Amino acid sequence: LITDPLDGRHYVGKADGAAGILGRWEAYAHNGHGWNKELVALPKGQCEHFVFSILRVFGSSTSSSEVDGAEAHYKRALMTRGFGLNRN
């Protein structure tokens, strides 16, 4: 979960694949937005204030459908599609 404390909006994203969460957070640390379209569109420098949280941890053998389902659940629960930073 990425929270923008300036306006309270959230972004929910998963960190699957070989690099896992470390690889995903390295992308955010490198450029502030990790190439997420909605985050790229924010004013320059706004990403510097983001707060990162881990909502759930899965084992390496967890199916991608279970991870995708959890991501969708958190997007719905936190309403990040309508009031947050998720487009999908």
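Everything below is about the structure printed above this text.
This one's a predicted model, so the numbers in the text were calculated from it and none came from an experiment. (Residues numbered from 1 in each chain as written. Predicted model: local features only at pLDDT ≥ 70, side-chain atom pairs only at ≥ 80, totals over all residues. Heavy atoms only, no water.)

## Quick notes on the pattern of salt bridges
Turning to step 1, where the next piece is worked out: What the rule picks out here adds up to five salt bridges.
Turning to step 2, where the next piece is worked out: Close ionic contact of Asp-7 with Arg-9 constitutes a salt bridge, the shortest N to O distance being 2.9 Å.
Turning to step 3, where the next piece is worked out: The partly exposed category is assigned to Asp-7, whose relative accessible area is 39%.
Turning to step 4, where the next piece is worked out: Close ionic contact of Asp-68 with Lys-14 constitutes a salt bridge, the shortest N to O distance being 2.3 Å. Highlighted residues: Asp-68 in helix α3 (residues 64-77) and Lys-14 in the loop between β2 (10-11) and α1 (20-31), separated in sequence by 54 residues. (Salt bridge = Lys/Arg side-chain N within 4 Å of Asp/Glu carboxyl O. Buried < 20%, exposed > 50% of the residue type's maximum accessible area, 1.4 Å probe, protein only. Helix = DSSP H or I, 4+ residues; strand = E, 2+ residues; numbered from the N terminus.)

## Some words on α1
Turning to step 1, where the next piece is worked out: The terminal C-alpha atoms of α1 lie 18 Å apart, and with twelve residues this matches the ideal 16 Å at 1.5 Å per residue to within 8%.
Turning to step 2, where the next piece is worked out: Count one or two residues on from α1 and you reach Gly-32, which has phi positive near 90°. (Expected span 1.5 Å × (residues − 1).)

## Quick look at the environment of Leu-85
Turning to step 1, where the next piece is worked out: In this structure, Leu-85 sits in the segment after α3.
Turning to step 2, where the next piece is worked out: With a relative accessible area of 0%, Leu-85 lands in the buried category.
Turning to step 3, where the next piece is worked out: Residue contacts for Leu-85: discarding those within four places in its chain leaves Arg-9, His-10, Tyr-11, Asn-36, Glu-38, Leu-39, Leu-42 and Thr-80. (Contact = heavy atoms within 4.5 Å.)

## Looking at the sheet that holds strand β1 (residues 2-3)
Turning to step 1, where the next piece is worked out: Taken in spatial order, the three strands line up as β2-β1-β3 in an open sheet, and their pairing is antiparallel. Two strands lie at the open edges of the sheet, namely β2 and β3 (51-52), each paired on one side alone.
Turning to step 2, where the next piece is worked out: With two bridges joining them, β1 and β2 adopt antiparallel strand pairing. Considered in β2, the bridge of Ile-2 is made with Tyr-11. (Pairing = 2+ DSSP bridges.)

## Here's the deal with a nonpolar patch on the surface
Turning to step 1, where the next piece is worked out: Taken together, Ile-21, Leu-22, Trp-25, Phe-52, Ile-54 and Val-57 make up a surface patch of nonpolar side chains, about 580 Å² in accessible area.
Turning to step 2, where the next piece is worked out: Here the nonpolar patch gets three residues from one element, more than from any other, and that element is α1.
Turning to step 3, where the next piece is worked out: Turning to its location among the elements, Ile-21 is positioned in helix α1.
Turning to step 4, where the next piece is worked out: The partly exposed category is assigned to Ile-21, whose relative accessible area is 38%. (Patch = residues over 30% accessible without salt bridge, like charges linked within 9 Å, V, L, I, M, F, W, Y side chains within 5 Å. Areas by Shrake-Rupley, 256 points an atom, 1.4 Å probe, with all protein chains shown as cover.)

## Remarks on the nonpolar core
In summary, soluble globular proteins display a tendency toward joint burial of nonpolar side chains.
Turning to step 1, where the next piece is worked out: Residues Ile-2, Tyr-11, Tyr-28, Leu-39, Leu-42, Cys-47, Phe-50 and Leu-85 constitute the largest nonpolar core, which totals eight residues.
Turning to step 2, where the next piece is worked out: Beyond its immediate sequence surroundings of up to four residues, Ile-2 is in contact with Arg-9, His-10, Tyr-11, Tyr-28, Leu-39, Phe-50, Val-51 and Phe-52. (Core = buried A, V, L, I, M, F, W, Y, C linked by side-chain atoms within 4.5 Å.)

## Some words on unusual backbone geometry
Turning to step 1, where the next piece is worked out: Phi at Met-79 is positive, roughly 55°, even though this residue is not glycine.
Turning to step 2, where the next piece is worked out: Position of Met-79 relative to the elements: it lies in the segment after α3.

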